[in-house]
Amino acid sequence: QVQLVESGGGLVQPGGSVRLSCVASGFILDYYSIGWFRQVPGKEREGVACISSDPSWTRYADSVKGRFIISRDNAKNTVYLQMDSLKPEDTAVYYCATTCLISADRIRVGPHPHEYWGRGTQVTVSS
């Protein structure tokens, strides 16, 4: 069965770092681009980062560029999001999803039937 599971979230101090993981099962991750998205209740979902299938390229939202790094380890069926220099405004539920693409200069999730989401992991940036 197709499944994505995020982990690594928690309470982080401003300026701190955390690495999120997205472990996939039920499909060959190598063939899919993977995106990280974040959601705050009452606000529009934001595409944070996108990594293509191999050979890979990466794309970041302006709000996180220079602070976050997306990477993949296909052998482990895992995509990571390294988050550095965290700010309170980074607080959100972070989701990984298949697939991601760039449209109107924004990171968006790809269309069905290839759209799958994890259940999310909460990241809270606070003192």
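Everything discussed here concerns the structure shown above.
So, a few notes on the structure that sits alongside this text. (Residues numbered from 1 in each chain as written. Predicted model: local features only at pLDDT ≥ 70, side-chain atom pairs only at ≥ 80, totals over all residues. Heavy atoms only, no water.)

### What to know about the state of the cysteines
Defined simply, a disulfide is a covalent bond joining two cysteines at their sulfur atoms.
Thinking step 1. Within the structure shown, the criterion is met by two disulfides.
Thinking step 2. Between the sulfur atoms of Cys22 and its disulfide mate Cys96 the distance is 2.0 Å. Between Cys22 and Cys96 the sulfur-sulfur dihedral comes to about 75°; the bridge is accordingly right-handed. With Cys22 in strand 3 (residues 18–25) and Cys96 in strand 9 (residues 92–98), the pair connects residues that are 74 residues apart, well separated along the chain. (Disulfide = S-S within 2.5 Å. Helix = DSSP H or I, 4+ residues; strand = E, 2+ residues; numbered from the N terminus.)

### Examining the environment of Leu29
Thinking step 1. Looking at where Leu29 falls in the secondary structure, it is placed in the loop between strand 3 and strand 4 (34–39).
Thinking step 2. The spatial distance from the C-alpha of Leu29 to the C-alpha of Asn74 is 6.3 Å, given a sequence separation of 45 residues.
Thinking step 3. Excluding residues within four positions of it along the chain, Leu29 makes contact with Ala24, Ile34, Arg72, Asn74, Asn77, Thr78 and Val79. (Contact = heavy atoms within 4.5 Å.)

### Brief notes about the sheet that holds strand 3
Thinking step 1. Ordered in space as 1-3-8-7, the four strands form an open sheet in which the pairing is antiparallel. Only two strands of the sheet have a single neighbouring strand rather than two, namely strand 1 (3–7) and strand 7 (68–73). Strand-to-strand twist across the sheet, computed as the mean angle between neighbouring axes with direction ignored, equals 15°.
Thinking step 2. Examined bridge by bridge, strand 7 and strand 8 (residues 78–83) share six bridges and lie antiparallel to one another. Opposite Asp73, over in strand 8, you have Thr78 as the bridge partner. (Pairing = 2+ DSSP bridges. Axes fitted to C-alpha atoms, helices over the stretch in contact; angles between N-to-C directions.)

### Description of the packing of aromatic side chains
Aromatic rings considered in pairs are described by the distance between their centres and by the relative angle of their planes.
Thinking step 1. The final tally for this structure, using the stated rule, is three aromatic pairs.
Thinking step 2. When the centroid spacing of 5.1 Å and the interplanar angle of 55° are considered together, the rings of Phe37 and Trp117 count as tilted. In this pair, Phe37 is assigned in strand 4 and Trp117 in strand 12 (residues 116–117), connecting sequence segments 80 residues apart.
Thinking step 3. Members of the aromatic cluster, each reached through a chain of ring pairs, are Phe37, Tyr95 and Trp117. (Phe/Tyr/Trp six-rings, centres within 6.5 Å; stacked < 30°, edge-to-face > 60°.)

This is a description of form; function is not addressed.
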